Amino acid sequence: MRRVFMLGVLAAAGVLSLTVGAYQQPDAPKVVEVEKLKDNLFVMKGGGGNSAVFITADGVTVVDTKLPGWGQPLLDKIKTVTSKPVTRIINTHTHFDHVSGNVEFPATVEVIVQENTKALMDQMNPVYGIQTGPQPNLFKQNGGKGMPKRTFKDKMTLGKGADQIDLYYFGAAHTGGDAYVVFPSLRVMHVGDTMPTRDVPIMDKNNGGSAVAFSATLAKAAAVGGVDTLINGHNPTTTTPADLKLYSEFIADFVKFAQDAKKAGKSVDDVVAGWKVPAKYTGYATPNPARVKADAQVAFDETK
Ligand SMILES: [Zn+2]
């Protein structure tokens, strides 16, 4: 049972983080790579989504905790950059490659998420287009450990001055609870998987995600002031608010293409056959047909 579960998780992780690089074998060493963005802000990569590690006067805030089994390697790597304890986890959204490590942190660590994400973490619904059937719930398996006890709806500010963190929710996109995490003193924002890479994103309708709302949500995030640098859910390098704005146009173009196809009586397979990344989106990946098909289906379902 456990073996089947792990293989399923790893297979799904491979799809979720296509551009992250090597497919993780079960026995492969869990190597967390560190990129120093600022003196007190690090991006820790590998084993699922990119984690942000923000060191404040009182302790360390971690944004996203990776795949099952990667919480402890992440904690170990954090110890190489600071002797302060981790006091807070913020999860950008419910997906297992961003939340699973929560259960490996001390139970005293405060977990904060957008309120819809808390409900989704209770459910751990299969990721649309990637997983089918009931999914294991690590939080329930661990007696509720790692679940958020604090939530926000549209905006929350934590700390002040150099330690300030602003959390925003702008509506459905990748899921129905995507948080944007801003470190205003450093002019950096973690955008989670609302812009995972320069590629067609997952539009996870099983977890509140939306094709039709996606672009407008991104545009609001791109318009948050005082930000120069973005940490993306899976991109190996940082991007900028201008990149996010362009990405919002990319999503709008794709969704319009799918909606126009539906209105013309075409099928999702016609969208897969006909969609090409427009030339203005330089450096974008060649889309995975299965991902295009899943997203086109979400757009079709939302279009009357
Ligand atoms: Zn995700």
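Residues numbered from 1 in each chain as written. Predicted model: local features only at pLDDT ≥ 70, side-chain atom pairs only at ≥ 80, totals over all residues. Heavy atoms only, no water.

## Quick look at the overall build of the protein
Helix and strand counts for the protein come out as nine helices and twelve strands. Rg of the C-alpha trace for the protein: 18 Å, near the compact-globule value of 19 Å for 304 residues, within the 12% margin. Per-residue burial over the protein gives 54% buried out of 304 residues. Within the protein, counting contacts between residues at least 6 apart in sequence, those at least 24 apart form 66% of the total. Of the side-chain charges in the protein, 33 are positive and 29 negative, and the distance between the mean point of each set is 1 Å. (Helix = DSSP H or I, 4+ residues; strand = E, 2+ residues; numbered from the N terminus. Rg over C-alpha atoms; globule rule 2.2 N^0.38 Å. Buried < 20%, exposed > 50% of the residue type's maximum accessible area, 1.4 Å probe, protein only. Contact = heavy atoms within 4.5 Å. Lys, Arg positive; Asp, Glu negative; His and termini not counted. Charge placed at Lys NZ, Arg CZ, Asp CG, Glu CD.)

## A short note on the sheet that holds strand β11 (residues 188-190)
Pairing is mixed across the open sheet formed by five strands, whose spatial order is β8-β9-β10-β11-β12. At either end of the open sheet lies a strand with only one pairing partner, and these are β8 (155-158) and β12 (229-231). Going from strand to strand, the sheet's axes swing by 20° on average, the running direction of each strand aside. With three bridges connecting them, strand β9 (residues 165-168) and strand β10 (residues 180-183) associate as antiparallel partners. If you follow Tyr168 over to β10, its bridge partner there is Tyr180. (Pairing = 2+ DSSP bridges. Axes fitted to C-alpha atoms, helices over the stretch in contact; angles between N-to-C directions.)

## With respect to the environment of Ser210
Topologically, Ser210 is positioned in the loop between β11 and α6 (214-222). Exposure remark for Ser210: the relative accessible area of 8% places this residue in the buried category. The sequence separation of Ser210 and Arg291 amounts to 81 residues, and the corresponding C-alpha distance is 14 Å. Not counting residues within four places of it along the chain, the set of residues in contact with Ser210 comprises Ala172, Ala173, Met203 and Glu302. One polar contact links the side chain of Ser210 to the main-chain amide nitrogen of Val212, over a distance of 3.3 Å. In this structure the side chain of Ser210 is engaged in a polar contact, spanning 2.9 Å, whose partner is the backbone nitrogen of Ala213. (Polar contact = N/O pair within 3.5 Å; in protein donor to acceptor, adjacent residues only side chain to side chain.)

## Quick notes on the pairing of strand β3 (residues 51-55)
The buried count for β3 comes to five of five residues, which makes it a mostly enclosed element. On β3, burial covers both faces: Ser51, Val53 and Ile55 on one face and Ala52 and Phe54 on the other are all buried. Strand direction decides the pairing type here: strand β2 (residues 41-45) and β3, joined by four bridges, are antiparallel. Looking at β3, one finds that Met44 is bridged to Ser51. Here β3 pairs with strand β4 (residues 60-63) via four bridges, running antiparallel. Paired with Phe54 across the two strands is Thr61, which belongs to β4. A loop of four residues connects β3 with β4, the two strands running antiparallel in sequence.

## Quick notes on the confidence of the model for the protein
Put simply, the protein has an average pLDDT of 93, and 91% of its residues get 70 or more. Contacts from residues 1-15, a stretch scored under 50 in pLDDT, to residues over four places away or in other chains number 16 contacts. A low-confidence stretch, residues 17-23 stays under pLDDT 50, and its non-local contacts, those more than four residues away or across chains, total eight contacts. (pLDDT = per-residue confidence, 0-100.)

## Here's the deal with the pattern of salt bridges
Throughout the structure, instances matching the rule amount to twelve salt bridges. A salt bridge links Arg187 to Asp228; the shortest N-O distance between them is 2.7 Å. Residue Arg187 is found in the loop between β10 and β11, and its partner Asp228 is found in the loop between α6 and β12; the two are separated by 41 residues along the sequence. Taking the relative accessible area as the measure of exposure, Arg187 reaches 38% and is therefore partly exposed. With relative accessibility at 40%, the residue Asp228 sits in the partly exposed group. Here Glu249 makes a salt bridge to Lys280, at a shortest N to O gap of 3.1 Å. Remark: Lys280 occurs in the loop between α8 (268-274) and α9 (289-301) and Glu249 occurs in helix α7 (residues 241-263); sequence separation between them is 31 residues. For Glu249, a relative accessible area of 27% puts it in the partly exposed group. By sharing partners, the salt bridges in this structure join Arg88, Glu110 and Arg150 into a single network. (Salt bridge = Lys/Arg side-chain N within 4 Å of Asp/Glu carboxyl O.)

## Some thoughts on the coordination of the zinc ion
Here the zinc ion is held by His93 (NE2), His95 (ND1), His174 (NE2) and Asp193 (OD), and the distances to it run 2.2 to 2.3 Å. What the four donor atoms of the zinc ion show is an angle range of 83 to 168° at the metal, which sorts the shape as irregular. Binding-site remark: the zinc ion is held by donors from one chain whose sequence spacing is H-x1-H-x78-H-x18-D. Given a relative accessible area of 1%, His93 falls into the buried group. (Donors = N, O, S within 2.8 Å, 3.2 Å for Na, K, Ca; no water. Tetrahedral: all angles 85-135°; square planar, octahedral: opposite > 155°, others 65-115°.)

## Quick word on the nonpolar core
Counting residues in hydrophobic clusters, the biggest one holds 36 residues, and the most contacted among them are Leu244 and Val271. Mapped by element, the contributors of at least two residues to this core are β10, α6, α7, α8 and α9. Looking at this core, the element that brings in the most residues is α7, giving eight residues. Setting aside chain neighbours within four positions, we find Val271 in contact with Phe254, Phe257, Ala258, Ala261, Val292, Ala296 and Phe300. Within the second largest apolar cluster, 28 residues are counted, among which are Ile78, Val86, Met121 and Ile202. (Core = buried A, V, L, I, M, F, W, Y, C linked by side-chain atoms within 4.5 Å.)

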